[in-house]
Amino acid sequence: GTIIAISDRFDSLVGFLAVGIEATGSYDPYGIRRIAQGIIRIIIEKDIRLSLNESLENAIEILKGYIKIKRDRLRAILLEYLKERIENLIDPENLAPVGLKEAVLCIGFDDPVDAFNRFKVLLKISKEEGFLKAAKVVERTSNILKGAKNETGLVGDVNQELFIEGLEKALWSTYLENKGRIEQFIEEERYIEATRLYGEAFYKIIHEFFDKVLVNVQEQPLRLNRLAIMKAINRLYTEKVADLAKLPQIVV
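Rules and cut-offs
- Residues numbered from 1 in each chain as written.
- Predicted model: local features only at pLDDT ≥ 70, side-chain atom pairs only at ≥ 80, totals over all residues.
- Heavy atoms only, no water.
- Helix = DSSP H or I, 4+ residues; strand = E, 2+ residues; numbered from the N terminus.
- Buried < 20%, exposed > 50% of the residue type's maximum accessible area, 1.4 Å probe, protein only.
- Contact = heavy atoms within 4.5 Å.
- Lys, Arg positive; Asp, Glu negative; His and termini not counted.
- Charge placed at Lys NZ, Arg CZ, Asp CG, Glu CD.
- Phe/Tyr/Trp six-rings, centres within 6.5 Å; stacked < 30°, edge-to-face > 60°.
- Core = buried A, V, L, I, M, F, W, Y, C linked by side-chain atoms within 4.5 Å.
- Expected span 1.5 Å × (residues − 1).
- Salt bridge = Lys/Arg side-chain N within 4 Å of Asp/Glu carboxyl O.
- Arc of directions from axis to C-beta.

Moving on: the overall build of the protein. Counting secondary structure elements, the protein contains 10 helices and zero strands. Mapped in sequence order, the helices and strands of the protein form the string α-α-α-α-α-α-α-α-α-α. Principal-axis analysis of the C-alpha atoms gives the protein an extent of 65 × 35 × 30 Å. Here the protein holds 252 residues, and the buried ones make up 48% of them. Of all intrachain contacts in the protein linking residues separated by at least 6 positions in sequence, the fraction that spans at least 24 positions is 75%. Across the protein, the centroid of the 37 positively charged side chains sits 3 Å from that of the 39 negatively charged ones.

As structure tokens, this is what we get:
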């Protein structure tokens, strides 16, 4: 029954939008928003692990003979409808700190259950020191990368032969020592443990690094290598959990 209910709603949602029928403002005579919300609600309540992109692509393929707009455009519209419903359902009582919802969803919501789980556990620990430390590490590494946005495309892998400062070696050793465990926690969806370990591992040394080592030195190879360290540390957490730089400035 659950499978039929979801399939029916995907079919209706894609069908309406494929022929150009959209909800606008308060105008939604076909209940398109309600259909999208029904999809997300059933997925969450029944704990169904599926890919929204794959499900939409399957529905689009079935209805391809009726589509009146470009498929990429249709897919983007469909995902926006579903994202809006997730945003409405994920924190109905507005209990989360400012920016946490965006921090989680900007990483991805293709698996709604995973998105809800990430949000729920991060909300639970959002006042803990470990969470605040993790957020500060993400914030500081994001800021330095943002400041070098014209060169981020040039940043490659970290080259340890270019290390000339002891703190470079110490910071990279910290990364290598903790990378495997953090990735394992994330793979197992143990986001609380991943967040706490990430914060405890990098908070102190990243502050010491910024206090004593200049990232944006004049020599480009050295500068890009230090930016590569920042990128590796940042993406270790933000690639699959949350971009905590979306939160207001964190004070630990």
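The discussion continues.
As for its position among the elements, Glu-22 is in the loop between α1 (2-18) and α2 (32-45). Along the backbone, Glu-22 and Ile-77 are 55 residues apart, and their C-alpha atoms lie at a distance of 9.2 Å. Here Glu-22 is in contact with Leu-17, Ile-32, Ile-77 and Tyr-81, once residues within four sequence places are set aside.

Another point: the packing of aromatic side chains. By convention here, two paired aromatic rings are described through the distance between centres and the angle between planes. Under the criterion given, the structure shown has five aromatic pairs. Ring geometry for Trp-172 and Tyr-175: centres 4.5 Å apart, planes at 15°, overall stacked. Here Trp-172 and its partner Tyr-175 are both found in helix α8 (residues 166-187), three residues apart, which amounts to about one turn of the helix. Take Tyr-175: its relative accessible area is 8%, and that puts it in the buried class. Ring centres 6.1 Å apart and planes at 80° place the aromatic pair Phe-209 and Phe-210 in the edge-to-face group. One aromatic cluster is present, built from ring pairs that chain together Tyr-198, Phe-202 and Tyr-237.

Another point: the environment of Arg-41. Here Arg-41 lies in helix α2. Along the sequence, Arg-41 and Glu-57 sit 16 residues apart, while their C-alpha atoms lie 20 Å from each other.

Time to look at the side chain of Lys-133. Structurally, Lys-133 can be placed in helix α7 (residues 129-147). The exposure class of Lys-133 is buried, given its relative accessible area of 13%. The contacts of Lys-133, once residues within four sequence positions are left out, are Gly-199, Glu-200, Tyr-203 and Val-252.

Turning our eyes to something else, we now look at the nonpolar core. Formed by 87 residues in total, the largest nonpolar core has its most connected members in Tyr-198, Phe-202 and Leu-244. Discounting chain neighbours no more than four positions away, the residues touching Leu-244 are Leu-100, Ala-103, Phe-131, Ala-134, Ala-135, Val-138 and Tyr-237.

Under the 1.5 Å per step criterion, the end-to-end length of helix α10 (residues 220-238) is 26 Å for 19 residues, consistent within 8% with the ideal 27 Å. Taken across its 19 residues, α10 has 15 buried, putting it largely inside the fold.

Let us look at the pattern of salt bridges. Per the counting criterion, the structure on display carries 21 salt bridges. A salt bridge links Asp-111 to Arg-49; its shortest N-O distance comes to 2.7 Å. Taken together, the positions of Asp-111 in the loop between α5 (100-105) and α6 (112-124) and Arg-49 in the loop between α2 and α3 (52-62) put the pair 62 residues apart, joining distant regions of the chain. For Arg-49, a relative accessible area of 40% corresponds to the partly exposed category. Across the salt bridge formed by Glu-183 and Lys-179, the nearest N and O atoms sit 3.0 Å from each other. Residue Glu-183 and its partner Lys-179 are located together in helix α8, separated by four residues, close to a single helical turn. Residues joined in a network through salt bridges with shared partners are Glu-57, Glu-61, Lys-64, Arg-71, Asp-72 and Arg-75.

If you check α1, its first and last C-alpha atoms are 24 Å apart, about what 17 residues at 1.5 Å a residue would give, namely 24 Å. Three or more residues of α1 are buried, namely Ile-6, Phe-10, Leu-13, Val-14, Leu-17 and Ala-18. Viewed end-on, α1 has its buried residues packed into an arc of 125°, placing them on one side of the element. Residues of α1 that are buried sit in contact with α2, α3 and α4 (71-90). Of the residues flanking the end of α1, it is Gly-20, one or two places downstream, whose phi is positive at about 90°.

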